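Remarks on the overall topology
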Amino acid sequence: KSFLAAVAHFAVPGIATLPPELRSAAVHYRRPTSTASQTYAGGDPSLAPINAPVTKLAAKIQASGEAKYTGDLSNPNRCLFACPVTSTKARATISSIDITAAAALPGVVRVVTAKDVKDLGGSNNAGPFPGDEQIFAESEVLCYGQYVALVVAVSFDIAERAARLVTVNYGAATKPAVI
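Report follows, based on the coordinates. Everything numeric in this text was worked out from a predicted model, so none of it was measured. (Residues numbered from 1 in each chain as written. Predicted model: local features only at pLDDT ≥ 70, side-chain atom pairs only at ≥ 80, totals over all residues. Heavy atoms only, no water.)

Considering the sheet that holds strand S2 (residues 92–98)
What counts, and what does not: We call two strands paired when DSSP finds no fewer than two bridges between them. Secondary structure is summarised from DSSP: a helix means a run of H or I of at least four residues, a strand means a run of E of at least two, and numbering begins at the N terminus for each.
The sheet built from three strands is open, its strands ordered S6-S2-S8 with antiparallel pairing. Both edges of this open sheet fall to strand S6 (140–141) and strand S8 (167–173), since each of them pairs with a single strand only. With five bridges connecting them, S2 and S8 associate as antiparallel partners. Looking at S8, one finds that Ile-94 is bridged to Tyr-170.

A look at a nonpolar patch on the surface
Stated formally: Patch members must show over 30% relative accessible area and no salt bridge, and they are joined within 9 Å when carrying like charges or within 5 Å when they are nonpolar side chains of Val, Leu, Ile, Met, Phe, Trp or Tyr. Under the convention used here, a 1.4 Å probe and the Shrake-Rupley method define accessible areas, while residue burial counts only the protein chains that appear. Any Lys or Arg side-chain nitrogen found within 4 Å of a carboxyl oxygen on Asp or Glu counts as a salt bridge. Accessibility here uses a 1.4 Å probe with only protein chains present; expressed as a share of the type maximum, an area under 20% marks a residue as buried, one over 50% as exposed, and anything in between as partly exposed.
A contiguous nonpolar surface patch, about 250 Å² in accessible area, is contributed by Leu-80, Val-109 and Val-154. Judged by relative accessible area, Val-154 falls into the partly exposed class, the value being 47%.

Focus: the sheet that holds strand S7 (residues 147–153)
Defined as follows: All axes here are fitted lines through C-alpha atoms, helices being fitted over the stretch that makes contact, and every angle between N-to-C directions spans 0 to 180 degrees. The contact rule is simple, with two residues in contact once any of their heavy atoms fall within 4.5 Å.
Pairing in this open sheet of three strands is antiparallel, and the strands run S1-S7-S3 from one edge to the other. Two strands bound the open sheet, and with one partner strand each, they are strand S1 (81–86) and strand S3 (108–113). Taking each pair of neighbouring strands and ignoring which way they run, the sheet shows an average axis angle of 20°. Inspection of the sheet shows S3 paired to S7 by five bridges, in the antiparallel sense. Bridge assignment links Val-108 to a residue of S7, and that residue is Ala-153. The strands touched by helix H6 (residues 156–165) within the sheet are S1, S3 and S7, with S1 carrying the most contacts at an inclination of about 20°.

Focus: the pairing of S7
Of all the seven residues making up S7, five are buried; the element is thus mostly covered by neighbouring parts of the structure. Inspection of the sheet shows S1 paired to S7 by six bridges, in the antiparallel sense. Following the sheet pairing, Ala-82 is matched in S7 by Val-152.

Below is the structure:
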């Protein structure tokens, strides 16, 4: 649009030969404020309230911008932040996970891996069926971006920086990645 406006402003030869749909892009367009309404066709009253129009309870505060979302709230005192460490390979074995540099960064509270979950007596399983899905990859990553560890720190910036310091060494691919 800026290019076409400049062409029109400086009366570049050939602007008049442009098709009208292209020439109109160079002209400032003022659009009136949008309005909308929705009507419902009358339904069978014996089915009410199934077929009756119902206004969403939060509609007015959401449409007016008054609704509060979690992003609008301030963080509570002593809040901790987490950043995942994700796999950079697909369908590969995990040879080792080195969290030393990340754990040594000031402000890091903990770096959690599958081993930590098990050492604390927890289960690394997630999903509806036992063993169906792991919270953190243990010996093998199935896909790129699978969680390998989680860094917990006093600020998100520190957690993010520490997550980049975790080194995951991979062995051979277990199977070819499906792309």
